[in-house]
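Listed below, chain by chain, are the residues.
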Amino acid sequence: MFTALKQDGIVARALDKGLFDLEITNPRDFTTDNYRRIDDKTFGGGAGMVMKIEPLELALTDLKKRLEQKNSVKPLVIYMSPQGKKVTQAVINNLATQDGVVIVCGRYEGVDERFIERNVDLELSIGDFVVSGGEIPAMLVIDGVVRQIPGSMNSIESVEHDSFMDGLLDCPHYTVPRDYHGFKVPDVLLSGNHELIRQWRLQQGLWRTYLRRPDLLENKQLTKEQSRLLNLMISRNKIEGK
Ligand code: SAM
């Protein structure tokens, strides 16, 4: 599954440039029985299988040993789980400061609870819904973190202005043509006036956040300029009866 991540896009380019390392370990390679069983029935009965602790711990120990030999890194161990802390930009930014991270991906009903108790530093969830395995959630986290590594993106500016980086949503973006069947690009973006464009973008980001994600504004201390631009937008829309 991780081939997609390794072969294409920003993560693949960052790997090529040697900006980070990505190693995939299959716990099945650490099973000791002839059937290479990674899962078994859940104690107490009921449907669904559970990932066994032994192969997972053997795989983790091996991975940790190799990481320590290579970079003297003691990694943070994360388990992707719908029961974990929700992944936000703040979580991603924090992970980007870590020297090494191991992400454990569950399958079936999940992993034996004792594996979590004994080995996991942090459980992370991609949202209040359940998917079939931890691989796609892990890939989302990896992509988010790699975007924060200097050099991974062509322009650091585009990362800085992304939604959530400053606790706000991003402004709308446009490209050619200037007029698409009567739907026009806002004049200010064609004005060449960088200060006006900066203010317009900031105001649009604030307004979108106010309309779509007011929860983000609840704990955010706006600057004087941000408050002024947002209040202007609110009163303008009141006047227009929107
Ligand atoms: N029985 C588990 C529960 O309800 O908490 C769900 C197991 S799920 C089918 C299998 C695996 O997918 C989990 O072990 C986890 O690694 C991954 N997974 C599913 N939903 C996820 C989410 N929202 N965030 C992160 N990982 C998730």
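Only a predicted model underlies this, so the values are computations on that prediction, with no experimental measurement involved.

**Considerations on the pairing of strand β4 (residues 101–105)**
Across five bridges, the pairing between strand β3 (residues 76–86) and β4 is parallel. Along β4, the bridge assignment pairs Met 80 with Cys 105. In this fold, the crossover linking β3 to β4 by way of helix α4 (residues 89–95) has right-handed handedness.

**With respect to the domain arrangement of the chain**
As assigned here, the chain comprises domain 1 (3–146) and domain 2 (161–239). Taking the mean C-alpha position of each, domain 1 and domain 2 sit 37 Å from one another.

**What to know about the site of the ligand**
Around the ligand sit 21 residues, and of these Tyr 79, Met 80, Gln 83, Gly 106 and Phe 129 come closest. For the ligand, a nitrogen atom lies 3.1 Å from a polar atom in the backbone of Glu 109. Of the residues assigned to the shell around the ligand, the class counts are ten nonpolar, nine polar and two charged.

**Side note on the sheet that holds β3**
Each strand in a sheet pairs with its neighbour through backbone hydrogen bonds, running either in the same direction (parallel) or in the opposite one (antiparallel). Sheet architecture is open: three strands sit in the order β4-β3-β5, paired in parallel fashion. Every other strand in the sheet has two partners, leaving β4 and β5 (122–125) as the edge strands with one partner each. Neighbour-to-neighbour, the strand axes of this sheet turn through a mean angle of 45°, independent of strand direction. Along the sheet, helix α3 (residues 53–71) contacts β3 and β4; its crossing angle with β4, the most-contacted strand, is approximately 160°. Against the sheet, helix α6 (residues 135–146) contacts β3 and β4, and its axis sits at roughly 155° relative to β4.

**Some thoughts on α3**
The first and last C-alpha atoms of α3 sit 26 Å apart over 19 residues, in line with the 27 Å expected at 1.5 Å per residue. Looking at the buried side of α3, the elements it contacts are β2 (49–51), β3, β4 and α5 (113–119). At the C-terminal side of α3, Ser 72 shows a positive phi close to 45°.

**Thoughts on the pairing of β3**
Bridge count for β3 against β5 is five bridges, and the pairing is parallel. Each residue of the ladder has a partner; that of Met 80, found in β5, is Leu 124.

**What about the environment of Glu 68?**
Here Glu 68 shows up in helix α3. The partly exposed category is assigned to Glu 68, whose relative accessible area is 43%. In the structure, Glu 68 is positioned 32 residues away from Gly 100 in sequence and 9.7 Å away in space, judged by C-alpha atoms.

**Here we look at a nonpolar patch on the surface**
Taken together, the side chains of Met 1, Ile 136 and Leu 140 make up a nonpolar region of the molecular surface, amounting to roughly 320 Å² of accessible area. One can find Leu 140 in helix α6.

**Some points on the packing of aromatic side chains**
This structure, assessed with the given rule, holds one aromatic pair. Between the aromatic rings of Trp 207 and Tyr 210, the centroid separation amounts to 5.3 Å while the plane-to-plane angle is 15°, which identifies the pairing as stacked. Here Tyr 210 and Trp 207 lie together in helix α8 (residues 194–212), a separation of three residues that amounts to about one turn. On the basis of relative accessibility, which here comes to 13%, the residue Trp 207 falls in the buried class. For Tyr 210, a relative accessible area of 34% puts it in the partly exposed group.

Conventions adopted
- Residues numbered from 1 in each chain as written.
- Predicted model: local features only at pLDDT ≥ 70, side-chain atom pairs only at ≥ 80, totals over all residues.
- Heavy atoms only, no water.
- Pairing = 2+ DSSP bridges.
- Helix = DSSP H or I, 4+ residues; strand = E, 2+ residues; numbered from the N terminus.
- Right-handed = clockwise from strand over helix to strand, strands pointing away.
- Domains from an automatic or database assignment.
- Near = heavy atom within 4 Å.
- Polar contact = N/O pair within 3.5 Å; in protein donor to acceptor, adjacent residues only side chain to side chain.
- Nonpolar A, V, L, I, M, F, W, Y, C, P; charged D, E, K, R; others polar.
- Axes fitted to C-alpha atoms, helices over the stretch in contact; angles between N-to-C directions.
- Contact = heavy atoms within 4.5 Å.
- Expected span 1.5 Å × (residues − 1).
- Buried < 20%, exposed > 50% of the residue type's maximum accessible area, 1.4 Å probe, protein only.
- Patch = residues over 30% accessible without salt bridge, like charges linked within 9 Å, V, L, I, M, F, W, Y side chains within 5 Å.
- Areas by Shrake-Rupley, 256 points an atom, 1.4 Å probe, with all protein chains shown as cover.
- Salt bridge = Lys/Arg side-chain N within 4 Å of Asp/Glu carboxyl O.
- Phe/Tyr/Trp six-rings, centres within 6.5 Å; stacked < 30°, edge-to-face > 60°.

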